[in-house]
Structures are given as structure tokens and as C-alpha cells.
Amino acid sequence: MKGIALEGGSSKGAYHLGVLKALFERGYKFKGVVGTSIGAFNAAMIAQGDFDICYNMWKNMQPETLFNVDNQFMENLIDKNIDRSMLEYASEEAKNVIRNKGIDTAKLRKILDTYIDEDKIRKSDIDFGLVTVEFDGLKPIPVEIFKEDIPKGKIKDYIMASANLPVFKSEDIDGKMFIDGGFYDNCPLRLLESKGYDDLIAVRVSPNRKLREPINESTKFIEIKPSEPLGRGLIFSNETIRINMLRGYFDRIKKIEGLKGEKYYITGITDDEFMKRLISYPNEKILPYAESRGVVGKDPKRILFEDLIPETAEALKMGKESTYQEIFIGLLEEIAESKKIKKFKIYSLDEFISCINNAEDEDSTNSKLLELKKTALRLAKPIEKVTPITFKESILKEFEESMLDDIGYHFSQLENYEKCEDKDDDDWD
């Protein structure tokens, strides 16, 4: 049976919605959904059949939606625009937290009352479960529970319990105290496994945390995790939330459909084809590089594979397991990021190169960027096309003189996502 587990992470839960949107658009169906903390809330919304409502709630979320915090204060905090008024506001809010014995969760409770429908969850054909931790003051007791075992009328309480950070104002369930389920299992794959699920997806938002993987060797599972950090969990900036929703959407496509790149989304060519292009490069064009490095009496192809490419991989801090094409794409990504090339789009390799070529440098005096250009030239020059009828004559021309050129293009889907470029466009979904 197919199931999906949503990792806890406060505001980073926006990432779940992007991943889920991409899954649903491609016909993915599952019988069970579980989560911890914010993952429990999102899982409940999916179980009750209200993905679209949940998606739009996240898309329009503001800092003040969940906490008694001023939006402008949050924006200034994110921008590190700290002044006297900011410090006075923070000081007063800290006093309120102390007086209330924790951060007020009234708005969190209101969100649950507005969106969570216990009857719909219980009647749904989709299994729903969550993780929390009972704490009696002496030792924590993990609570891994499905909807049928949650007392009637208590599903909202258990979702709150799953997200009850120690800094929040304490609430009990029938006299029992609970804390955030992330202290035990922040991405509860094993909860699904305990109910017979054997085909699992883990949607991570904090991939540096250790994942409690399935116990059974026969259980299949994949991780979908952020290509870049999602930010601080308690910072509910609307801009960050929307970016993370987009990142989740494209990270899912990258994982399932095998796109290349770490920070961008690229349809590459086969590694065999890339190797042919490396091998086909004329020896006389490798020799100038060898001479500049003081390498003499060595076969040009050995220089290419033993000196030039390893040097580039080392500069990019790429592991020995990286393929030649991955090294090349990694280098392109470094340059693209320095030029602020749009990330949330699926590129063919030639289109990606063209975008880099046409973009202006943010800072032409940046020494790191200049060094990357030199490295790009070293890596790119040895690569030439072997099918001139289908492709242009080389991957790259001289960088400063439109060095980057086409590589062969297989245009991707999601043309409707072109409008995502303007983050203020409310119609991006």
C-alpha cells in the first residue's frame, strides 16, 4: 500500500504543499497520510479531502495569521533591519510570553477550528495518523496513533499536541500533557509501516535531522527533500512560504523524474553522449591548457581526464562519484546563481547555457566569479558536439564572447509555470 509521511517543521510545512501539488497533478494516489507537528495538520487536511483549501491557506498566510506578531516587525527581522523600536517591541512581546507562561496559541487553535473537520477525517477512506509525546514530568512516552484510536472529538487536540513546542503555552488533553512529536519521530514512516504500508514517500523539510527509516527491508521508500534550506521554522514570511511551495513542487519533479542539478532543474543528456563529446575534442585544443599548467610530455586526453576535470571538481567540492556531466552542470549552476538566473523552471541543458550567456554579471569585479569563468572555460573547451546536423558545433564558446552555446534540447513540461517569475503574481498556481 502507498503512504506518505510529512515531516514537522513549522513554517517549512509550506514545502509539503508544493510536493503534494506535483504528485497530485501526475495522478499519484495513496491510502494513508501521516505527519508530525505541522505535518500532522497538513496530513489531516489531505485526509479530509481539502488539499486545495489547505494550499490556498498556505499561499495567503502572513506572520500574524498564527501568532500575535506585527507583519512589519517580522519583515524587519528577516531583513535584519533592527532599530530601537524593534528592540522595544521585542522586549514587550517577551514580557507577554513570560506573563502567559509561553507563546499564546489561540490563533493556532483558531486555524484548527476553521479548517479541520473531524467528521470528514473519520469518514475518509484515507488513513490518517500522527505522532506526539506524552510527558508526565519524569519521562517522555511516544504516542504514535491513527484516527481510529484517537478519542472521539479529540482529533484537533491531538494535532495541537503533535505541534506543542515547549515555548508554547501549555495545554492538556484530559489532564495529560504533551509535547511536539518531533522529539520522537519527526517524519513517521514507521507509523505507516506498522499498518502494513510498504510503498512510502517521506517529504522532508529538515533533511539534516536523522530519519527513522522503515524497519522492513522489503519496504520501498523515497525521500523528497529541499534542494536548498527552507529558512527558520518560526518565520512565517509570506514571500518565504511561497518560495518554499515552489521549491517543493520542483524538487518533487526532480526526484521522481530524474532531473539533474542541485539548485536548478535541468534535463540533461545521457552520460554516454557526454563522454563521446569529451573524447571527440581535438588534442591540439587541450595542449594550450597543458602548457599553461606546465604539464608536458603527457597524452592530451590524459590531461583532460587526469588534470583539468578533477581540478574543476575539486574547486566545486564535488565528490569522486560525480559524473563528468554532473561536474559540468555543477559549474554552470555556480555561475547561474551568481548571475541570479531564475531557479523555479525546468531547463534543457542548452536553454540553461543560453540563459547564463545572456545574463549580466552582478559584479564583474568579483574575484570568485572571475575564477569560475576561468574554470568554466577550462572545462567547457574540451567538449564538442559529435552530431553537427542535430547540434551546434560546440557546447561553449569563449565565455566573455558568448562562450556558452547550445547542447541539445528536450523541452520540458510546465510551461504554465513560466508566470512564477513574478513572486507577487497571485495566479502562479
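The structure displayed is predicted, hence computed values, not measured ones.

Basis of the calculations
Residues numbered from 1 in each chain as written. Predicted model: local features only at pLDDT ≥ 70, side-chain atom pairs only at ≥ 80, totals over all residues. Heavy atoms only, no water. Buried < 20%, exposed > 50% of the residue type's maximum accessible area, 1.4 Å probe, protein only. Helix = DSSP H or I, 4+ residues; strand = E, 2+ residues; numbered from the N terminus. Contact = heavy atoms within 4.5 Å. Axes fitted to C-alpha atoms, helices over the stretch in contact; angles between N-to-C directions. Parallel < 35°, antiparallel > 145°, perpendicular 65-115°, else oblique. Left-handed = near helix turned anticlockwise from the far one by under 90°. Nonpolar A, V, L, I, M, F, W, Y, C, P; charged D, E, K, R; others polar. 1 Å grid on protein atoms, 1.4 Å probe; cavity = no way out; pocket = protein on both sides within 12 Å on 5 of 7 lines; lining within 4 Å. Points joined across faces, edges and corners; volume = space filled by probe spheres on them. pLDDT = per-residue confidence, 0-100. Pairing = 2+ DSSP bridges. Phe/Tyr/Trp six-rings, centres within 6.5 Å; stacked < 30°, edge-to-face > 60°. Lys NZ or Arg CZ within 6 Å of the ring centre and 35° of its normal.

Here's the deal with helix 16 (residues 349-358)
Link 1 in the chain: What helix 16 keeps buried is the set Leu349, Asp350, Glu351, Phe352, Ile353 and Ile356.
Link 2 in the chain: Contacts made by the buried residues of helix 16 are with strand 9 (265-267), helix 15 (324-338) and strand 10 (346-348).

So, the environment of Ile341
Link 1 in the chain: Inspection of the secondary structure puts Ile341 in the loop between helix 15 and strand 10.
Link 2 in the chain: Given the relative accessible area of 10%, Ile341 is considered buried.
Link 3 in the chain: Residues Ile341 and Asn358, 17 residues apart in the sequence, show an inter-C-alpha distance of 10.0 Å.
Link 4 in the chain: Not counting residues up to four positions away in its chain, the partners in contact with Ile341 are Tyr264, Ala336, Tyr347, Cys355, Ile356 and Ala359.

Details of the packing of helix 7 (residues 106-115) against helix 9 (residues 155-162)
Two measures define how a pair of helices packs: the angle their axes make with one another and the distance between the axes.
Link 1 in the chain: Where helix 7 contacts helix 9, the axes come no closer than 10 Å and their chain directions differ by 140°. Relative to helix 9, the element helix 7 lies oblique. Helix 9 is crossed by helix 7, and the crossing has right-handed handedness. Counted together, Leu108, Arg109, Leu112 and Asp113 of helix 7 and Lys156, Asp157, Ile159 and Met160 of helix 9 form the full contact between these two elements.
Link 2 in the chain: Tallied by class, the residues present in the contact of helix 7 with helix 9 amount to 4 nonpolar, no polar and 4 charged.

Looking at the layout of surface pockets
In this approach, a probe sized like a water molecule rolls over the atoms, and the result shows the empty space that is left.
Link 1 in the chain: Empty space within the largest pocket amounts to approximately 730 Å³.
Link 2 in the chain: The wall of the largest pocket is formed by 26 residues, among which Lys254, Gly261, Glu262, Lys263 and Glu333 lie closest to the centre.
Link 3 in the chain: Looking at the lining of the largest pocket, the elements with two or more residues in it are strand 8 (220-224), helix 11 (238-257) and helix 15.
Link 4 in the chain: Among the elements that take part in the lining of the largest pocket, helix 15 stands out by supplying 5 residues, more than any other.
Link 5 in the chain: Here the lining of the largest pocket is composed, by residue class, of 8 nonpolar, 5 polar and 13 charged.

Regarding the confidence of the model for the protein
Link 1 in the chain: Put simply, the protein has an average pLDDT of 78, and 74% of its residues get 70 or more.
Link 2 in the chain: Counting interchain partners and residues more than four positions distant, the pLDDT-below-50 stretch residues 70-83 has 20 contacts.
Link 3 in the chain: Low pLDDT, under 50, characterises residues 380-429; the predicted model gives this stretch 132 contacts beyond four residues in sequence or across chains.

Some points on the pairing of strand 3 (residues 127-135)
Link 1 in the chain: Summarising burial for strand 3: 8 of the 9 residues are buried, a large majority.
Link 2 in the chain: Note that strand 2 (residues 32-36) and strand 3 share 5 bridges and pair parallel. Bridged to Gly35 within strand 3 is Leu130.
Link 3 in the chain: Looking at chain direction, strand 3 and strand 4 (residues 140-146) are connected through 7 bridges and run antiparallel. Counted as the bridge partner of Val133 is Pro142 from strand 4.
Link 4 in the chain: Hairpin connection from strand 3 to strand 4: 4 residues lie between these consecutive antiparallel strands, with Gly137 at a positive phi of about 95°.
Link 5 in the chain: Relative to strand 6 (residues 176-180), strand 3 is paired through 3 bridges, and the arrangement is antiparallel. If you follow Val133 over to strand 6, its bridge partner there is Ile179.

With respect to the packing of aromatic side chains
How two aromatic rings sit relative to each other is given by the distance of their centres and the angle of their planes.
Link 1 in the chain: Enumeration over the complete set of coordinates arrives at 12 aromatic pairs.
Link 2 in the chain: Taking 5.6 Å as the distance between ring centres and 40° as the angle between the ring planes, the aromatic pair formed by Phe274 and Phe328 counts as tilted. On the criterion of sequence distance, the pair formed by Phe274 in helix 12 (residues 271-279) and Phe328 in helix 15 is long-range, its members being 54 residues apart.
Link 3 in the chain: For Phe274, a relative accessible area of 1% puts it in the buried group.
Link 4 in the chain: Among the aromatic residues, those joined into a ring-pair cluster are Phe24, Tyr28, Phe30, Phe51 and Tyr55.
Link 5 in the chain: For Lys21, the ring lying beneath its charged end belongs to Tyr55, and the centroid distance is 4.9 Å.
Link 6 in the chain: Across the ring face of Phe146, the terminal group of Lys195 is positioned such that the distance to the ring centre comes to 4.7 Å.

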